[in-house]
Amino acid sequence: MACLNPSQLQKFQENGFLVLEGFVSAEECMAMQQRISEIVAEMDVPPHCRTEFSTQEEEQLRAQGSTDYFLSSGDKIRFFFEKGVFDKKGNFVVPPEKAVNKIGHALHAHDPVFRSVTHSPKVQALARSLGLQMPVVVQSMYIFKQPHFGGEGELGAGLEPPGKVDATFLYTEPLGRVLGMWIAVEDATLTNGCLWFIPGSHTKGVSRRMIRAPAGSAPGTRFLGSEPARDDSLFVPTPVQRGALVLIHGEVVHKSEQNLSACSRQAYTFHLMEAAGTVWSPENWLQPTADLAFPPLYT
Ligand code: AKG
């Protein structure tokens, strides 16, 4: 069901996350997987992955290439890889489809399949039932969580203390205006890296922000502040079945563990901002561009 009932709304407001099982059909999941296979089969591997670098200066160029590739990915479909999947000459040492960590950050804008999932009537109805007036889509990602490989979830994971909040990377004033919609394209289990949340943690604000460094500098982004100490035992695992949609409040602390299983855990996730009365931080790494303003969710 696309619209939240009052008890679901209350649960989301209390916990900062909510699982909606069966939100997306098996056919829609298969269509996303099929499209991703085509996109990966046609992908251009970025030059900073392909070129052989031997000197320190060349290594710096590689790092700069990788920074620029990430920082300019907000309005494009780009590929980010697991570590150790290229040899020194830039050839894949595993099949390409097993080497991709994620695709980002504008599938919602450029790909018809992902555009139609993002702007589907049921997603729009869900956003309306959450009271969003002018939601815009700021980014989207397809996360592979490869078997035996898939690193801990997303930017900022693997740091001490564990977990992150999305507003660290997608900062707004006031806070409370960013919402993640995370769709399980495959079952997400305890062994293949399901999401974990600290229920109720979305009321604690944001103590760490990632901001864009001045143009041309490496590494290209830096952090202001730090994460507070966090007790790992507060995280609650959230295994879900293929087709579930998980609502993620922009300030709820969440994480996913490494995928040590033999099954991938693919997910399509996108983030909305309530644009009414909100200032998107000009210091965020992700900015609307001349090619792509953040598109309104309601079509
Ligand atoms: C997000 O969508 O905000 C996430 O953190 C995703 C992490 C994951 O899929 O492992």
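What counts as what
Residues numbered from 1 in each chain as written. Predicted model: local features only at pLDDT ≥ 70, side-chain atom pairs only at ≥ 80, totals over all residues. Heavy atoms only, no water. UniProt positions renumbered as here; feature names shortened; annotations may be inferred. Helix = DSSP H or I, 4+ residues; strand = E, 2+ residues; numbered from the N terminus. Expected span 1.5 Å × (residues − 1). Buried < 20%, exposed > 50% of the residue type's maximum accessible area, 1.4 Å probe, protein only. Contact = heavy atoms within 4.5 Å. Salt bridge = Lys/Arg side-chain N within 4 Å of Asp/Glu carboxyl O. Pairing = 2+ DSSP bridges. Near = heavy atom within 4 Å. Polar contact = N/O pair within 3.5 Å; in protein donor to acceptor, adjacent residues only side chain to side chain. Areas by Shrake-Rupley, 256 points an atom, 1.4 Å probe, with all protein chains shown as cover. Nonpolar A, V, L, I, M, F, W, Y, C, P; charged D, E, K, R; others polar. Axes fitted to C-alpha atoms, helices over the stretch in contact; angles between N-to-C directions.

As recorded in an unreviewed UniProt entry, the protein chain goes by Phytanoyl-CoA dioxygenase domain-containing protein 1 and comes from Dipodomys ordii. UniProt's Cofactor (unreviewed entry) comment on the protein chain is quoted here verbatim: "Fe cation". Turning to the protein chain, the UniProt annotation filed under Sequence similarities (unreviewed entry) states: "Belongs to the PhyH family. PHYHD1 subfamily."

With that settled, the discussion passes to helix 4 (residues 56-71). When the terminal C-alpha atoms of helix 4 are compared, their 22 Å separation across 16 residues agrees well with the 22 Å that a helix rising 1.5 Å per residue should span. Regarding helix 4, the residues found buried are Gln 64, Thr 67, Tyr 69, Phe 70 and Leu 71. Buried positions along helix 4 lie against helix 3 (47-50), strand 2 (77-81), strand 3 (100-105), strand 8 (208-212) and strand 9 (221-225).

Our focus in this paragraph is unusual backbone geometry. A cis amide bond, omega 0 degrees, links Gly 104 with the succeeding residue His 105. Here His 105 is to be found in strand 3. The omega torsion across Glu 173 and Pro 174 is -5 degrees, close enough to zero to call that bond cis. On the secondary structure map, Pro 174 appears in the loop between strand 5 (172-173) and strand 6 (178-184). Notably, Lys 145 is not glycine yet its phi reads approximately 45 degrees, a positive angle. By the element assignment, Lys 145 lies in the loop between strand 4 (135-143) and strand 5. Assessed through its relative accessible area of 3%, Lys 145 is described here as buried.

Our next topic: the pattern of salt bridges. Going through the model one piece at a time under the given rule, you end up with 10 salt bridges. With its nearest N and O atoms 2.8 Å apart, the salt bridge here joins Asp 75 to Lys 76. Put simply, Glu 257 and Lys 255 hold a salt bridge, and the shortest N to O gap is 2.6 Å. Beyond isolated ion pairs, a larger network of salt bridges with shared partners links Arg 35, Glu 38 and Asp 111.

On to the pairing of strand 6, then. When you tally the buried positions in strand 6, you get 7 out of 7 residues, the bulk of the element. Along strand 6, one buried face is formed by Val 178, Gly 180, Trp 182 and Ala 184 and the opposite face, lined by Leu 179, Met 181 and Ile 183, is buried too. The sheet contact formed by strand 6 and strand 13 (residues 267-274) spans 7 bridges and is antiparallel. Bridge assignment links Gly 180 to a residue of strand 13, and that residue is His 271. As paired elements, strand 6 and strand 11 (residues 245-249) share 5 bridges and run antiparallel to each other.

Next up on the list: the site of the ligand. As a structural note, the neighbourhood of the ligand is formed by 12 residues, with Lys 164, Trp 182, Ser 256, Arg 265 and Thr 269 the closest of them. One of the side-chain nitrogen or oxygen atoms of Lys 164 is found 3.1 Å away from an oxygen atom of the ligand. A distance of 2.7 Å separates an oxygen atom of the ligand from a polar atom in the side chain of Arg 265. Burial of the ligand by the surrounding chains reaches 98%, relative to a free accessible area of 290 Å². Residue assignment for the shell around the ligand shows that the elements contributing at least two residues are strand 12 (254-256) and strand 13. Along the lines of polarity and charge, the residues of the shell around the ligand split into 3 nonpolar, 5 polar and 4 charged.

As a further point, take the environment of Arg 212. Structurally, Arg 212 can be placed in strand 8. Along the chain, Arg 212 and Arg 265 lie 53 residues apart, while their C-alpha atoms are 30 Å from each other. The residues contacting Arg 212, other than those within four sequence positions of it, are Leu 71, Gly 220, Thr 221, Glu 283, Asn 284 and Trp 285. One polar contact links the side chain of Arg 212 to the main-chain carbonyl oxygen of Leu 71, over a distance of 3.0 Å.

If you trace the 3 strands from one edge of the open sheet to the other, you get 10-7-12, paired in antiparallel fashion. Each edge of the open sheet is held by one strand with a lone partner, namely strand 10 (236-238) and strand 12. Taken over all neighbouring pairs, the strand axes of this sheet differ in orientation by 30 degrees on average, direction set aside. With 3 bridges connecting them, strand 7 (residues 195-197) and strand 12 associate as antiparallel partners. Residue pairing across strands places Phe 197 opposite His 254, the latter belonging to strand 12.

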